[in-house]
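The residues making up each chain are set out below.
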Amino acid sequence: MNSSSFSKFLKIYGYDIVLGLIATFYVLAVPYTKVEESFNVQAMHDILYHRHHLDNYDHLEFPGVVPRTFIGALLVSVLASPIILVMSFLHLPKTYGLIAVRLALGCITLSTLRFFRAQVRYKFGSQVEAFFVILTAFQFHLLFYCTRPLPNILALGIVNLAYGFWLKGDFYAALNCLIFSAVVFRCDMVLLLCPLGLVLLLTKSISLWKALKCCIGMALLSVGLTILVDSIMWKKLVWPEFEVLWFNSVLNRSSEWGTHSFHWYFTSALPRSLLVAYPLCFLGALLDRRVLPFVIPVFTFLLLYSKLPHKELRFIISSVPIFNLSAAVAASRIFMNRKKAFWKLLSIILIGFLLISLGCTTVTFMASYENYPSGYALTYLHQIGHLASNTEEQWVHIDPYSAMNGISRFCENDFPWRYSKEESIPLKEYQNRNFTYLINEHLLVEGYKCLFSVDGFSRVRPQLRFPPFLLIKEPKVYVHGNIKNEDLMNKNWPGC
């Protein structure tokens, strides 16, 4: 490849390579998943390894609070299946399969973000696109989350398409994307669909009658698709997102998982996810009148969502691309006018805030790296826990805390390892069970010896020297061995 071809390649795909490399780094550094991702990650595992044997699927034994759709897991699994086939042929551990499905999901999410970015370049110029990429790269949450099998991220891919069609002027396609996303992946996307539809109607960008025909048709197709696929997978008639809507909004049961004040998204979640882009997005809406019609519906989405007491940052991750667009417009304007006295000061402040954002992203990544202790614990146990009598099964019990903080089916190995996630076992009952190992949150368990512990993130402590922040870790997960097993007791262990 000559220099001109390479330059052309970088011009076309350079931004994708930058964002893709950052997302890949996050996957390789922190491959494990949390409880919020458990349904989709277990579903991807079962589709890839159990295929049509539905009776072996994890969700039938551990269905969760509400059912979720299999459509996203099926799509990602199809894309990852060639890699899984090669891995099986090479007898590689299933942990590599977890990396493969996460990278496949990341490709989907970043591809849809590329489509949105292309419309940003067409409507606002290549410089705004460049700042959009810079701001996205300097933030932590969007690229860290874009490979995580959350319903919110599956919805984000469709919402990115909606944003792209919105900028492109294909308004009916944008509405259809949001309807599909709301019906199949995240019912809360209705809160984005309604403000957007209202703005399009008020600006006479769409006609009410045509919008109704188009949207009702897409809604019926989406409902039919999810009921067809998910009723087969769940072995009962079910529309998952309707049950989620009923659980969260009508019954308001989501509050059982904690609540935040009305302003939390604006005073905590957005500042942490946007960083320097947060003040810039307001400036961008003031500097360029073209931006305001895009920001208002997304801002309204946040206001409406704030009425729900249970709040998490991932719930509003789909708002980040539009706010980054507005921030990129402001950053581009500052850069263009940097030789003027007042704007020069703003450009210096912008560079300073970008560096602060990079520092915040680094600290957040370091904390997140330590946030999956049971995944590291099981991996280390696999490395050092083989016993002399390899002909016998080695049973590992995983308690709910450990299952929620890093362990999935992808982390399991083949014979002689066997695993149990049986819940509600009293501590004193373990000594009557024949488990070889326990992975749990308790330091002392009768009948078992603590073999080693794994630290996890506890808090950040500021200090008056470099580095200005210190990550405090403490033991989170303990691995115990059965004292009746002589082979196990004769091994040297790190200790707790």
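Since the structure is predicted, the reported quantities are computational estimates derived from the model, not experimental observations.

The rules behind these values
Residues numbered from 1 in each chain as written. Predicted model: local features only at pLDDT ≥ 70, side-chain atom pairs only at ≥ 80, totals over all residues. Heavy atoms only, no water. Helix = DSSP H or I, 4+ residues; strand = E, 2+ residues; numbered from the N terminus. Contact = heavy atoms within 4.5 Å. Phe/Tyr/Trp six-rings, centres within 6.5 Å; stacked < 30°, edge-to-face > 60°. Buried < 20%, exposed > 50% of the residue type's maximum accessible area, 1.4 Å probe, protein only. Lys NZ or Arg CZ within 6 Å of the ring centre and 35° of its normal. Disulfide = S-S within 2.5 Å. Salt bridge = Lys/Arg side-chain N within 4 Å of Asp/Glu carboxyl O.

Asks: Just checking my understanding: could you explain the side chain of Q139 for this structure?
Replies: Following the sequence through the fold, Q139 ends up in the loop between α6 (126-138) and α7 (141-145). For Q139, the residues in contact, after removing those within four places along its chain, are Y26, S273, L274, L275, A277, V320, N324 and T361.

Asks: Whenever I open this one, the packing of aromatic side chains confuses me. Can you help?
Replies: In this description, an aromatic ring pair is defined by two values, namely the gap between the centres and the angle between the planes. Summed over the entire model, instances satisfying the criterion amount to 36 aromatic pairs. Their ring planes at 85° and their centres at 5.1 Å tell us that Y32 and Y376 sit as a pair that is edge-to-face. Of the two residues, Y32 sits in the loop between α1 (3-29) and α2 (38-49) while Y376 sits in helix α18 (residues 373-384), which places them 344 residues apart along the sequence. Taking relative accessible area as the criterion, Y32 reaches 5% and is therefore assigned buried. Between F70 and W234 the ring centres are 6.3 Å apart and the planes differ by 70°, which places this aromatic pair in the edge-to-face class. Of the two residues, F70 sits in the loop between α3 (58-61) and α4 (71-90) while W234 sits in helix α11 (residues 208-234), which places them 164 residues apart along the sequence. When the ring centre of Y49 is taken as origin, the NZ or CZ atom of K94, which lies over that ring, is 5.3 Å away. Note that K421 overlies the ring of F62, its terminal NZ or CZ placed 4.7 Å from the centroid.

Asks: Help me understand unusual backbone geometry in this model?
Replies: Trans peptide bonds make up the majority, and among non-glycine residues the majority have a negative phi. The amide bond that connects F415 to the next residue, P416, takes the cis arrangement and shows omega of 15°. Phi angles above zero are rare outside glycine, and K204 is one such case at about 60°. Residue class for K204 comes out exposed when judged on its relative accessible area of 74%. Although it is not a glycine, L275 adopts a positive phi angle of roughly 55°.

Asks: I tried to follow the state of the cysteines on my own but got confused; where do I start?
Replies: Tallying each qualifying case throughout the model produces one disulfide. A disulfide-free cysteine, C177 has its sulfur positioned 10 Å from the sulfur of C214, the nearest such atom. C215 takes part in no disulfide bond, and the closest cysteine sulfur to it belongs to C214, at a distance of 5.2 Å. Note on C215: relative accessible area 16%, which makes it buried.

Asks: Looking at this structure, how should I read the pattern of salt bridges?
Replies: Any two side chains of opposite charge can pair if their charged atoms end up close together. Enumeration over the complete set of coordinates arrives at 18 salt bridges. With a shortest N-O distance of 2.9 Å, R148 and E37 are connected by a salt bridge. Here the residue R148 occupies a position in the loop between α7 and α8 (151-168), and E37 occupies one in the loop between α1 and α2, the gap between them amounting to 111 residues. The class for E37 is buried, based on a relative accessible area of 3%. Among the ionic pairs, E129 bridges to R117, the shortest N-O distance being 3.1 Å. Separated by 12 residues along the polypeptide, E129 in helix α6 and R117 in helix α5 (residues 95-124) bring together distant segments of the chain. Summarising the burial analysis for this pair, E129 and R117 share the class buried.

Any functional reading would require information that these geometric values do not contain.
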